[in-house]
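A structural walkthrough
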Amino acid sequence: MDKPNNHGRRVATAISTGALLLTAAAGAKAQQEKQLEEVVVSASRSEQKRFDAPASIDAVQVDPLRAASPLVNLSELLGTVPGIQIRERQNYAQDLQLSVRGFGTRSTFGVRGVRVLVDGIPATMPDGQGQAATATLTSARRIEILRGPVAQLYGNAAGGVVQVFTAEPPLAPQKPYASASLGAGSDGQRQVGFTLAGGAETLGGLLDVSRYETDGYRDHSAAERTQVNAKVLWQPSSSTKVTGIVNIFDQPLAQDPLGLTRAQFEQNPRQVAPVALTFDTRKTIEQKQAGLLFEHKFDRSNTINARLYAGTREVFQTLSFSGAAANSSGGVVDLDNHYRGAGLSWTHATQAGGMPLNWTLGMEADDLDQTRRGFVNNNGTPGALRRDERDNANNVDIFGQVDWTFAEQWKATAGLRSSRVRLSVDDRYITAASPNDSGSVEYRNTSPVLGLVWYANDNLNFYGNLGRGFESPTLAESAYRAGATGPNLGLQPSKSRQGEIGMKWRSGAQSVDLAIFTARSKDEIVPQTTENGRSIFQNIDSVERRGFEASWRNDMGRIGTQLAYTLLDARFKQGFASGSGAVAAGNRLPGAPMHSLFAQIEARPLQGLSTALEMRAESKTYVDDVNSETAPGYAVFNLRAAQEFRAGATTWTLFGRIDNLFDRDYAGSVIVNDGNRRFYEPAPGRRFFVGLRASL
């Protein structure tokens, strides 16, 4: 282990050390090393130990062969991370609810306020709206969650950053491998999948295919999806790597049971809102995407990374109303998205004053073309046209970041990102009730970040960061304005000032992370009213998010424990008017519980056998800006077990889990500010899942 007075040298060699640790983790080293020596890239865009990263960042290692979980939703894997709320809504028509430190809580579908990337390719569009469901978890190897000011260096809507990294194809002398899995569980859950991977000395490939089906916990909530992740790796030399990626996400069925009122939720949580059956609410999605990643190391000091990607995403959705009014946009949505993007960055390692100095310069450009049509919903069947427009969102960003170890135990970080986001609408549906509403708007922002870390010794770090970020309105949020037709081009981006201080400590098999954070926003984007099924948004000032995060891990060989706690005090500091009533100063942000706790104890009593008891608890959650109701707090327990064994050259894992062990009734998520007061999305009662995986 390095001595404290050699820390500058230790930081200078973090990239090579991190690369060795990543290879070791992929080879399934001991559990302790997986937990305490995770490699991350999100904070500095270069591989380093998570412990050394000068920011609030966690890395969740994923082992698809041994994970005692179906690996369908990110919510299965991220409960161990403080500061993040991720809820599986039992509604595959609306995606997961994902927020970081209170950013993203206003979203009723998709992801807002949090950047999502998969293998370096954005799953967040230029306008800031993202998807969390498209990541193929059966081939994932690591998930990074970056929180706080440093996340602002990822651009628009970066209240936090979630990055998923999937497996690399093996190159000789690494052995080829194949795996298969199947599972079944309560509510008609069925899961199958396989992976094939192999390669020669310079060329390798990987194909991962998975399929999941469910009848749904609630009535009218069945879903099915197929995901494909294909990768080709060409490494002509030790300094050059080219990766080609193809992803397919096909969801031909996702019924939408909608939320429930409080009375309906308490009467029968499995029931469905009657209008869901009347209008056959559902969604289908087909997404195809291809990307090319390039990395070249000119020498030990200079590295270039580039990305190029393009894709299509087709969405068809029936909503819970007819949308027949002449000035309505319809109750059936037909979206045809075409998107593409490119990025280039240069990282240089040098010295200043005899101490390591690393900097990165880069540029990113992304573009989205969206054909949006709306039809009258004739009880689930598209009727007359009510909307036809061509929307576009694009961004061009330039960024730079410098890390300088200016003393033996001190490192400073400075970063700057300049962003330009443009939204435009080309209206093709022009009638007497709906005149030409074409228009465009452009937003510009510069986000600076400053940070400092003190490596007190090899086992203790203290850090602090300050930053400024922004979040533009999405195309969906700027689509309507109050009292008139056409887009709300006067809606402004939200801007925030953020700060955090934190500590990281480790000793043997234990680690502790603590962080205190604050963020103050102006021009926060919140709902104003709902007209003819249209959600209209407005800007308000003085929204404050502050809190505390703590996590503890301990691995004693056969026993491992984890705790993750978040205190989040998110409030409106000024009152304002909304369609649901007056919002008083001091009201809490909906969808953001003040207290969240995850605890786990894992036992490995015998070779290949692991068992664990999980506990997840949340305090009450307000459902709207007015704070008229709350979803009650809860605590639920989950039990899981897995047995690994070998038969010839094949490794088998038999696993099972029981979620909500004590059959607790609770709302797993809430639909914030729902105009029909159907706020509550019930979580399943006691639920079982068993599976079998094999790897050759």
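Residues numbered from 1 in each chain as written. Predicted model: local features only at pLDDT ≥ 70, side-chain atom pairs only at ≥ 80, totals over all residues. Heavy atoms only, no water.

Observations concerning the overall build of the protein chain
Short version of the rule: Helical segments are the DSSP runs of H or I of at least four residues, strand segments are the runs of E of at least two, and each set is numbered from the N terminus. The globule rule is 2.2 Å times the number of residues to the power 0.38, and the radius of gyration it is compared with is taken over C-alpha atoms. Note on exposure labels: buried denotes an accessible area under 20% of the residue type's maximum, exposed denotes more than 50%, and partly exposed covers the range between, all computed with a 1.4 Å probe on protein chains only. Only the protein chains shown count as cover for residues, and the accessible areas themselves come from Shrake-Rupley with a 1.4 Å probe. By the counting scheme adopted, Arg and Lys are positive, Glu and Asp are negative, and His together with the chain ends is not counted. The atom standing in for a charge is NZ when the residue is Lys, CZ when it is Arg, CG when it is Asp and CD when it is Glu.
Looking only at helices and strands, one finds five helices and 39 strands in the protein chain. Taking 2.2 N^0.38 as the reference for a compact globule, 696 residues should give roughly 26 Å; the C-alpha atoms of the protein chain span a radius of gyration of 25 Å, in line with that estimate. When its C-alpha atoms are laid out on the principal axes, the protein chain stretches across 75 × 55 × 50 Å. Within the protein chain, the fraction of its 696 residues that count as buried is 58%. Put simply, the protein chain shows about 26,600 Å² of open surface, and 57% of that area lies on carbon and sulfur atoms. The centroid of the 74 positive side-chain charges in the protein chain is displaced by 3 Å from the centroid of its 71 negative side-chain charges.

Quick word on the side chain of R282
Convention followed: Any two residues whose heavy atoms approach within 4.5 Å at even a single point are treated as in contact.
Residue placement: R282 occurs in strand β15 (residues 282–297). If we ignore the near neighbours within four places in the chain, the residues touching R282 are A254, Q255, D256, F316, Q317, T318 and G380.

Quick notes on the sheet that holds strand β3 (residues 56–61)
Our working definition: At least two DSSP bridges between two strands are needed for those strands to be called paired.
Read from one edge of the open sheet, five strands run β3-β8-β9-β6-β7, paired in mixed fashion. Two strands in the sheet have a free side with no partner beyond their single neighbour: β3 and β7 (121–122). Strand direction decides the pairing type here: strand β6 (residues 115–118) and strand β9 (residues 160–166), joined by four bridges, are parallel. Across the sheet, residue L117 finds its bridge partner in β9, namely Q163.

A short note on the nonpolar core
Condition: Here, nonpolar core refers to any group of buried Ala, Val, Leu, Ile, Met, Phe, Trp, Tyr and Cys residues whose side-chain atoms link them within 4.5 Å.
With 26 residues, the main nonpolar core has L74, L78, I84, L98 and I143 as its most contacted residues. Those elements giving two or more residues to this core turn out to be β4 (84–87), β5 (97–100), β6, β8 (140–147) and β9. The greatest single-element share of this core, amounting to three residues, is contributed by β8. Apart from residues no more than four positions distant in its own chain, I84 is found in contact with L78, L98, S99, V100, I145 and V162. Within the second largest apolar cluster, 15 residues are counted, among which are L117, L146, A151 and Y154.

Quick word on the pattern of salt bridges
In plain terms, the rule: Just to be clear on terms, a salt bridge is a Lys or Arg side-chain nitrogen sitting within 4 Å of an Asp or Glu carboxyl oxygen.
Enumeration over the complete set of coordinates arrives at 50 salt bridges. Connected through shared salt-bridge partners, R520, E544, R546, D569, R571, K573 and R588 make up one network.

Brief notes about empty space enclosed by the protein
Our working definition: Detection works on a 1 Å grid of protein atoms alone, calling trapped sets that fit a 1.4 Å probe cavities and calling open sets with protein on both sides within 12 Å along at least five of seven lines pockets, with lining residues defined by an atom within 4 Å of a point. Grid points are joined across faces, edges and corners, and a volume is the space filled by probe spheres set on the points.
Per the counting criterion, the structure on display carries 15 cavities of 30 Å³ or more. The computed volume of the largest cavity comes to approximately 220 Å³. Along the wall of the largest cavity there are 21 residues; nearest its centre are R387, E389, D437, Y480 and G486.

A few points about the environment of E286
Along the chain, E286 turns up in strand β15. Spatially, the C-alpha atoms of E286 and D336 are 9.9 Å apart, while their sequence positions differ by 50 residues. Leave out the neighbours within four places in its chain, and E286 touches F249, D250, T312, R313 and E314.

Structural notes on the side chain of E544
Along the chain, the position of E544 falls in strand β27 (residues 543–555). The exposure class of E544 is buried, given its relative accessible area of 14%.

Brief notes about the packing of aromatic side chains
Quick reminder of the rule: Pairing of aromatic rings covers Phe, Tyr and Trp, the last counted by its six-membered ring, and requires centre-to-centre distances within 6.5 Å; plane angles under 30 degrees mean stacked, over 60 mean edge-to-face, and any other angle means tilted.
Applying the stated criterion across every chain, the model contains 14 aromatic pairs. Look at Y92 and Y212: their rings are 5.9 Å apart centre to centre, the planes differ by 50°, and that puts the pair in the tilted class. On the criterion of sequence distance, the pair formed by Y92 in the loop between β4 and β5 and Y212 in strand β12 (residues 203–214) is long-range, its members being 120 residues apart. Judged by centre distance (5.8 Å) and plane angle (15°), the ring pair of W410 and W454 falls under stacked.

Topic: unusual backbone geometry
Cis peptide bonds are those with omega within 30 degrees of zero, and the linkage from A172 to P173 qualifies with 15°. Considering the arrangement of structural elements, one finds P173 in the loop between β9 and β10 (177–185). The phi dihedral of Q90 is positive, around 55°, even though this residue is not glycine. The topology assignment puts Q90 in the loop between β4 and β5. When its relative accessible area of 7% is taken as the criterion, Q90 is described as buried. Even without being glycine, D523 reaches a positive phi, approximately 55°. By the element assignment, D523 lies in the loop between β24 (510–522) and β25 (524–531).

What to know about the pairing of strand β36 (residues 650–659)
As paired strands, strand β35 (residues 634–647) and β36 are joined by nine bridges and run antiparallel to one another. Each bridged residue has a counterpart across the sheet, and for E644 the counterpart in β36 is T653. The antiparallel pairing of β35 with β36 creates a hairpin that spans two residues between the two strands, and G648 there sits at a positive phi of about 65°. Pairing analysis gives nine bridges linking β36 to strand β39 (residues 687–695), with the strands arranged antiparallel. Across the sheet, the residue bridging to G656 is V690, located in β39.

Some thoughts on the environment of Q498
Along the polypeptide, Q498 turns up in strand β23 (residues 494–507). Among all residues touching Q498, those that are not within four sequence positions of it are F103, G148, P149, Q152, N465, L466, G467, T518 and A519.

Examining the pairing of β12
Covered by surrounding structure in β12 are G204, L206, D208, S210, Y212 and T214 only, the residues L203, G205, L207, V209, R211 and E213 on the alternate face being uncovered. In this structure, strand β11 (residues 189–199) lies alongside β12, joined through ten bridges in antiparallel fashion. Paired with Q191 across the strands is Y212, a residue of β12. Hairpin geometry of β11 and β12 is characterised by an intervening segment of three residues between the two adjacent antiparallel strands.

Notes on the confidence of the model for the protein chain
If pLDDT is low for a region, its predicted coordinates should not be looked at in detail. Quick note on the threshold: The predictor's confidence in any single residue is recorded as pLDDT, a number from 0 to 100.
Looking at the protein chain as a whole, the pLDDT averages 91, with 94% of positions reaching at least 70. Counting interchain partners and residues more than four positions distant, the pLDDT-below-50 stretch residues 1–36 has 62 contacts.

Structural notes on a nonpolar patch on the surface
For clarity, the cut-off: Exposure above 30% relative accessible area and no salt bridge define the residues that can form patches, which grow by joining like charges within 9 Å and nonpolar side chains of Val, Leu, Ile, Met, Phe, Trp and Tyr within 5 Å.
On the surface, V402, W404, F406, W410, L452, W454 and F462 cluster together into a nonpolar patch covering about 580 Å² of accessible area. Of all the elements, strand β19 (residues 381–407) adds the most residues to the nonpolar patch, at three residues.

Section: the environment of Q97
We count it as follows: N or O atoms closer than or at 3.5 Å make up a polar contact, with two conditions inside protein: a donor-capable atom paired with an acceptor-capable one, and, for residues adjacent in sequence, both atoms drawn from side chains.
Considering the arrangement of structural elements, one finds Q97 in strand β5. The class for Q97 is buried, based on a relative accessible area of 10%. Note: C-alpha distance between Q97 and V111 (14 residues apart in sequence) is 6.8 Å. Setting aside chain neighbours within four positions, we find Q97 in contact with Q85, I86, R87, R89, S107, S669, V670 and E681. Polar side-chain contacts of Q97 include one of 2.6 Å to the backbone oxygen of V670.

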